[in-house]
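Structural overview for review
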Amino acid sequence: MDDAGRLDVAKMDATAIAELYALIDSQQGFANDGLLLELCAEPSEADVIISNVRMRKRLERHLDWDIARQKAIVTPEWLRATVEQQHPVPCGEYAALEELHDETVQSCPACNLPVCKCSSSPPHAPPSTLPPTAVSAVGVPKLTTSQRILDNYKAWYACQRASPLVCPNQALATELGILRTHRDLEGKDVNALSYDRAIAIIKAFPRELTPENIDKELVQLPHVGEKIQSKIREFIRSGVIEEAQYLRRDERFQSLKAFTTIHGVGASTARTLYSIGLRTLEDMERYYDVPVDDYGNPKLEEEEPIFTPNGRRVPRTAKLPDLSIKTALALRHELAVPIPRDEVEEMHAIVMAELDQLQPGCISTIVGGHRRGKPESNDVDIVIGHSDIQNGGELIKGLCKRLVHRLYERGLVTHVTHLSGFHAHNALRTTHWDSLEKALCVFVLPEDGQQKRLHRRLDLIFAAPEAYWTAVVGWTGSKMFERDLRLWAKKEKGMKFDSSGMTRRHDSQLYFPRSEKQVFDLLGLEWIDPTLRNVDV
Ligand code: 8GT
Ligand code: MN
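Residues numbered from 1 in each chain as written. Chains lettered and ligands numbered in written order. Predicted model: local features only at pLDDT ≥ 70, side-chain atom pairs only at ≥ 80, totals over all residues. Heavy atoms only, no water.

1. Structural notes on the overall build of the chain
Per the secondary structure count, the chain includes 24 helices and 13 strands. Looking at the chain as a whole, 51% of its 537 residues are labelled buried. Counting contacts in the chain only where the partners sit at least 6 residues apart, residues at least 24 apart contribute 69% of the total. Approximately 25,600 Å² of the chain is accessible, and the part contributed by carbon and sulfur atoms is 50%. (Helix = DSSP H or I, 4+ residues; strand = E, 2+ residues; numbered from the N terminus. Buried < 20%, exposed > 50% of the residue type's maximum accessible area, 1.4 Å probe, protein only. Contact = heavy atoms within 4.5 Å. Areas by Shrake-Rupley, 256 points an atom, 1.4 Å probe, with all protein chains shown as cover.)

Now the structure itself:
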């Protein structure tokens, strides 16, 4: 929060700033009517600047006048009204400086929206042609991860450390990851977890480990026992871990690893398949009786779409096909292709446009690896909620199923594996699997000219308003970040945390966080940016 002084809005106190954060946070990923509020660190990048300063002289202490004249400069009331109405309100009435009233009107994003709020959008407009307009607000500093967190790499819990996507010792982390996967595939869970914890420490370690510094550095780090220390030393000395090199060539390791790439196949199923003699994914295709095309490639047992004479697809009425192991095998070549960021966003836009036709007012956040900054994802995870805090729970009950059926009718979803209804957050549950409405789907974008689109995995998670931000935190990951978050909540705070909610253990009181930041606040944790939650390899 170092730039607080620079931008702030001298007259705003901490509570006011916190409120603005929460307001903006509560709208993250809110793309209805083209509204997308986003904080930005540089006033020059903002469309809207929020300020309590009413005089030119004072504003100039914080902001270059030439920049100020190109922006809409409004009071915090503008943000409150915008969030309340879920639509950018005209800035003129909220101009912070009388002197800049006209400039503020000119730069007002409400007057520059692609679709006027007053007219409803045409029912068949292709969703991707209407990208949300970004409305940025400045004057409140962007949430930043503090230096204290960046320096905190020796902390016990992963949710107290900053873990970048690629760390200075990434090759070491990857090599340890092979050993971790091996322990996991062989059912040695405790051992695998030791590797997970050591890898997590390496991911947060801020400097390159070298033969010169290794002795001094290693002994100070938690979670790195002697056995793993010796593997790390071996890597730093020689550039490889011999056991990992051996495993890469080992037939059993290769087979088990290949089997578990198929959705629905865990380590123990993989071991069973190996024990009955299967070695390759082709063996597995034969075993699961996957049909093949004329060239011997696996193919889907898919019904042909039916079209009316004027080219409209006839809705399918049959029961939605299950995302079975057999289906995942038939689609394995497509599902193995990583999804670039822009395609993730395209899928999100299409899903939300369809959802808007079923239930207006929904909010959403793309979570998972995408949110942590991965350039490519293995699947797309979207948390969906409703902006109506009072009635949102009722409004989205059953919506997951309805959305998936609609997507299926449009040919956008081909398979789905898991639909579950809401259960109340259950504080006594011992496992971490949550109880929101979820659908794990296979999704395929409409054909783009001649280019056929690939089948993709899509996870939709519907959360009631009180569980929206815990779901966002819970599904942003990475896995070990989540694991330590639950452990921290339990051991250090006497709380139960999972994606479906947050309760105090002694009296089961349920909390209702209004933003992601509030989830951290309630857990007594400092903010960590999603891009610094890459605790796993
Ligand atoms: P990737 O999809 O590119 O491989 O990377 P990812 O997005 O990090 O992995 P993911 O397997 O899609 O998981 C995303 C996050 O959701 C992870 O942090 C994981 O812990 C979490 N997660 C599941 N399944 C479930 C679940 O059923 N409940 C909850 N609460 N979290 C889950 O993967
Ligand atoms: Mn994912």
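2. Details of the UniProt feature "active site" (unreviewed entry) in the chain
Residues annotated in UniProt with the feature "active site" (unreviewed entry) correspond here to Lys231. Topologically, Lys231 is positioned in helix 11 (residues 226–238). Owing to a relative accessible area of 15%, Lys231 belongs among the buried residues under this scheme. The residues contacting Lys231, other than those within four sequence positions of it, are Leu176, Leu179, Tyr195, Ile241 and Glu243. (UniProt positions renumbered as here; feature names shortened; annotations may be inferred.)

3. Points about the nonpolar core
Formed by 47 residues in total, the largest nonpolar core has its most connected members in Leu172, Leu176, Val224, Ile232, Phe259, Ile262 and Met284. Counting only domains with at least three residues in this core, you end up with domain 2 (149–249) and domain 3 (262–335). (Core = buried A, V, L, I, M, F, W, Y, C linked by side-chain atoms within 4.5 Å. Domains from an automatic or database assignment.)

4. Overview of the sheet that holds strand 8 (residues 380–386)
The strand order across the open sheet built from five strands is 6-8-11-10-9, with neighbouring strands paired in mixed fashion. Edge positions in the open sheet fall to strand 6 (362–366) and strand 9 (413–416), since each of these has one partner strand only. Across this sheet, the average inter-strand angle for adjacent strands is 30°, counted without regard to direction. Bridge analysis of strand 8 against strand 11 (residues 455–462) gives five bridges, and the strand direction is parallel. The residue bridging Ile382 from the neighbouring strand is Leu460, located in strand 11. (Pairing = 2+ DSSP bridges. Axes fitted to C-alpha atoms, helices over the stretch in contact; angles between N-to-C directions.)

5. So, the packing of aromatic side chains
Considering all chains together, one arrives at five aromatic pairs under this definition. Arranged with centres 5.2 Å apart and planes meeting at 85°, the rings of Tyr287 and Tyr288 form a pair that is edge-to-face. Aromatic pair Tyr468 and Trp469: ring centres 5.0 Å apart, planes at 85°, arrangement edge-to-face. Across the ring face of Trp65, the terminal group of Arg56 is positioned such that the distance to the ring centre comes to 4.0 Å. Against the face of Phe512 rests Arg514, its NZ or CZ located 4.1 Å from the ring centre. (Phe/Tyr/Trp six-rings, centres within 6.5 Å; stacked < 30°, edge-to-face > 60°. Lys NZ or Arg CZ within 6 Å of the ring centre and 35° of its normal.)

6. What to know about the pairing of strand 13 (residues 501–504)
Bridge count for strand 12 (residues 495–498) against strand 13 is four bridges, and the pairing is antiparallel. In the strand pairing of strand 13, Met495 is matched with Arg504. Hairpin connection of strand 12 to strand 13: two residues between the antiparallel strands.

7. Some details on the confidence of the model for the chain
Per-residue confidence for the chain gives a mean pLDDT of 85; residues scoring 70 or more make up 81%. Contacts from residues 1–10, a stretch scored under 50 in pLDDT, to residues over four places away or in other chains number 26 contacts. (pLDDT = per-residue confidence, 0-100.)

8. Brief notes about the side chain of Glu343
By the element assignment, Glu343 lies in helix 18 (residues 341–358). A polar contact is formed between the side chain of Glu343 and the side chain of Arg456, at a distance of 2.9 Å. Setting aside residues up to four positions removed in sequence, Glu343 forms contacts with Leu445, Arg453 and Arg456. (Polar contact = N/O pair within 3.5 Å; in protein donor to acceptor, adjacent residues only side chain to side chain.)

9. What about the environment of His223?
Examined against the element boundaries, His223 turns out to sit in the loop between helix 10 (214–218) and helix 11. Along the primary structure His223 and Trp156 are separated by 67 residues, whereas in three dimensions their C-alpha atoms are 7.9 Å apart. Those residues in contact with His223, other than ones at most four positions away along the chain, are Trp156, Arg161, Ser194, Arg197, Ala198 and Ile201. Within the structure, His223 has its side chain in polar contact with the backbone oxygen of Trp156 (distance 2.7 Å).

10. Details of the side chain of Thr414
Checked against the element boundaries, Thr414 lands in strand 9. Classification of Thr414 by relative accessible area gives buried; the value is 4%. In this structure the side chain of Thr414 is engaged in a polar contact, spanning 2.8 Å, whose partner is the side chain of His415.

11. Side note on helix 14 (residues 267–275)
Within an α-helix, residues lying three or four positions from one another point in the same direction, as the helix has 3.6 residues per turn. Every buried residue of helix 14 is accounted for by Ala267, Ala270, Leu273 and Tyr274. In an axial view of helix 14, the angular spread of the buried residues amounts to 120°, which keeps them on one side of the axis. Next to the buried residues of helix 14 lie helix 8 (170–185), helix 13 (251–259) and helix 15 (281–287). Among the residues trailing helix 14, Gly277 stands out with phi positive, at a value near 105°. (Arc of directions from axis to C-beta.)

12. Here's the deal with the pattern of salt bridges
Within this structure, the stated rule accounts for 26 salt bridges. Residue Arg148 pairs with Glu526 through a salt bridge whose shortest N-O separation is 2.7 Å. With Arg148 in helix 7 (residues 147–150) and Glu526 in the segment after helix 24 (516–522), this residue pair connects regions lying 378 residues apart in the sequence. Asp521 is the partner of Lys517 in a salt bridge, and the nearest nitrogen-oxygen pair spans 2.9 Å. Note that Lys517 and Asp521 are positioned in helix 24 at a spacing of four residues, about one turn of the helix. You can call Lys517 buried: its relative accessible area is 17%. (Salt bridge = Lys/Arg side-chain N within 4 Å of Asp/Glu carboxyl O.)

13. Considering the pairing of strand 6
Of all five residues in strand 6, five are buried; the element is thus mostly enclosed. The two faces of strand 6 match: Cys362, Ser364 and Ile366 on one face and Ile363 and Thr365 on the other face are all buried. In this sheet, strand 8 lies alongside strand 6 in antiparallel orientation, the contact comprising five bridges. Its bridge partner lying in strand 8, Cys362 is registered against His386.

14. Considering the packing of helix 9 (residues 189–204) against helix 23 (residues 479–493)
A packed helix pair is summarised by two numbers, namely the angle formed by the two axes and the spacing between the axes. Helix 23 packs onto helix 9 with a crossing angle of 100° between their chain directions and a minimal axis gap of 11 Å. Between helix 9 and helix 23, the crossing angle belongs to the class labelled roughly perpendicular. Here helix 9 contributes Leu193, Asp196 and Arg197 to the contact with helix 23, which in turn contributes Met480, Arg483, Asp484 and Leu487. Per-class residue counts for the contact of helix 9 with helix 23 are three nonpolar, no polar and four charged. (Parallel < 35°, antiparallel > 145°, perpendicular 65-115°, else oblique. Nonpolar A, V, L, I, M, F, W, Y, C, P; charged D, E, K, R; others polar.)

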